[in-house]
Amino acid sequence: MILTNPISSSEVGTLWLTYQEKTLIMRILEYFMKKADDEEARNILGGLWQELNYYVIEIEKIFSQQGVVIPIGFRKEDVNLEAPKLFDNGFDVMFIRVLKEVSMGMYTINMNMAYNDDVIKIYEGLTTVTHKIYKLATLYLLEKGILALPPKVTMPKTTEFIKSKEYMNGFNPFNSKRALNDIELGVLHHGIETNNIGMQLITGFAQCAQNKEVRKYFEKGKELAKKQVKIFQGILLDNDIQFSAHSGGTVTTSNIAPFSDKLMMHCIAFLNGFCIVGNSFGTFFTLRNDISLKLALLAKDIYFYGQEGIEIMIKHKWFEEPPQSEDRNQIINNS
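Residues numbered from 1 in each chain as written. Predicted model: local features only at pLDDT ≥ 70, side-chain atom pairs only at ≥ 80, totals over all residues. Heavy atoms only, no water.

1. Focus on the overall build of the chain
Each helix and strand in the chain was counted, giving nine helices and two strands. A compact globule built from 335 residues should have a C-alpha radius of gyration of about 20 Å, and the chain, at 22 Å, falls within 12% of that. Its C-alpha atoms give the chain principal-axis dimensions of about 70 × 50 × 40 Å. Here the chain, with 335 residues, has 47% of them falling under the buried criterion. A separation of at least 24 residues holds for 85% of the contacts in the chain among residues at least 6 apart in sequence. Here the chain carries 36 positive and 39 negative side-chain charges, and the mean point of each set is 4 Å from the other. (Helix = DSSP H or I, 4+ residues; strand = E, 2+ residues; numbered from the N terminus. Rg over C-alpha atoms; globule rule 2.2 N^0.38 Å. Buried < 20%, exposed > 50% of the residue type's maximum accessible area, 1.4 Å probe, protein only. Contact = heavy atoms within 4.5 Å. Lys, Arg positive; Asp, Glu negative; His and termini not counted. Charge placed at Lys NZ, Arg CZ, Asp CG, Glu CD.)

In structure tokens:
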């Protein structure tokens, strides 16, 4: 592959971040493939691994040609394939589906910062892979009865315009709150679904983390995920809507770590970012102000939780430094 022009700072940055995420996912996939009992699930996981491996190699080629050091990312020492099964009952495909949701957003942002044709092709290819795997995972989970559909509603028969700012009211105790609209239902359903998975994931991580500080951090994250599920379910129940979410898998009793503490911490960091973006989306598109405020306050909690995690990773030298611009003051002072 011959690059027609040097890659820019934004492309170095997004490729670096993509390399971190893809090598992390590949290590998780290797463990899930080894432990998968279902052949169809193993095929989905294996197909994704092959696709990601191709693009990881392509990123390494670009870095080599541009004189960029290849990141460490996540390697074979970050996964223990001999560890017993930590998750059961379809969790592997459910988790990969959530990761593909994260990837969809990341590729859109990365594409917006890409100018080199070869870099654009990488994100085009990864986007295609993500859509394919997301569809396969969704159909698989629905067929197995693991994934719950959003609540059913009466289909609209006419078009209407909002007649009053009272539509946004959620705080006034003297006025009844309006029923949830379908956008708000979707936001709440998605929040419950992803936090159920997050709660399972971080419970398993807490069981097998080697470092006590990391273990406590995961326990704190489990309570944060539980808090979000309770809030979202409470809003639905207050509106006479019952959410019937399947667990999406169960955590076994194993306390032998399949992944390094470094990998597990980075995995939670990626998902924290996804949760903040998701809550921000919900805050903007949710028109009832009581729900918007709750989403904003949860986003604040997630942000500070994420910052705590970064501090732990830096403390233990698990956070690889991203590529950065020249420090001109340091260069001048050293000359």
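Now, onward.
2. Description of unusual backbone geometry
Notably, aspartate 240 is not glycine yet its phi reads approximately 60 degrees, a positive angle. Mapped onto the elements, aspartate 240 comes out in the loop between helix H6 (212-238) and strand S2 (250-251). Unlike most non-glycine residues, lysine 317 shows phi in positive territory, near 60 degrees. Among the structural elements, lysine 317 can be located in the loop between helix H8 (289-315) and helix H9 (328-334).

3. Describing helix H2 (residues 39-66)
The first and last C-alpha atoms of H2 sit 41 Å apart over 28 residues, in line with the 40 Å expected at 1.5 Å per residue. Taken together, the buried positions of H2 are Ala41, Ile44, Leu45, Gly46, Leu48, Leu52, Tyr55, Val56, Glu58, Ile59, Ile62 and Phe63. In this fold, the buried residues of H2 make contact with helix H1 (9-35), helix H3 (91-112) and helix H4 (117-143). Its side-chain oxygen at 3.0 Å from the backbone nitrogen of glutamate 40, aspartate 38 defines the N-terminal cap of H2. Glycine 67, located one to two residues past H2, shows a positive phi value of around 75 degrees. (Expected span 1.5 Å × (residues − 1). Polar contact = N/O pair within 3.5 Å; in protein donor to acceptor, adjacent residues only side chain to side chain.)

4. Focus on the nonpolar core
If you look at the biggest cluster of nonpolar residues, it comprises 77 residues, and the most contacted ones within it are Leu15, Phe95, Leu201 and Phe218. Elements with a contribution of two residues or more to this core: H1, H2, H3, H4, helix H5 (182-208), H6, helix H7 (261-285) and H8. Residue contributions to this core peak at 11 residues, all from H1. Excluding its chain neighbours within four sequence positions, the residues that come into contact with leucine 201 are Phe87, Phe91, Phe95, Cys267, Ile268 and Leu271. (Core = buried A, V, L, I, M, F, W, Y, C linked by side-chain atoms within 4.5 Å.)

5. Structural notes on the packing of H3 against H5
Running from N to C, H3 and H5 point in directions that differ by 125 degrees, and their axes come no closer than 11 Å. Here H3 is positioned oblique relative to H5, judged by the angle of their axes. At the point where H3 passes H5, the crossing takes the left-handed sense. Residues Phe91, Met94, Phe95, Arg97, Val98 and Glu101 of H3 lie in contact with H5, whose contacting residues are His190, Glu193, Thr194, Ile197, Gln200 and Leu201. Taken together, the residues of the contact of H3 with H5 break down into six nonpolar, three polar and three charged. (Axes fitted to C-alpha atoms, helices over the stretch in contact; angles between N-to-C directions. Parallel < 35°, antiparallel > 145°, perpendicular 65-115°, else oblique. Left-handed = near helix turned anticlockwise from the far one by under 90°. Nonpolar A, V, L, I, M, F, W, Y, C, P; charged D, E, K, R; others polar.)

6. Quick word on the pattern of salt bridges
Tallied over the entire structure, the rule returns 22 salt bridges. Among the ionic pairs, glutamate 21 bridges to lysine 22, the shortest N-O distance being 2.9 Å. Both residues of the pair, glutamate 21 and lysine 22, belong to the buried class. One salt bridge in this structure joins lysine 300 and aspartate 301, with 3.1 Å as the shortest N-O distance. Lysine 300 gets classed as partly exposed once you look at its relative accessible area, which sits at 40%. Each member of the salt-bridge network shares a partner with another, and the members are Asp37, Lys85 and Asp88. (Salt bridge = Lys/Arg side-chain N within 4 Å of Asp/Glu carboxyl O.)

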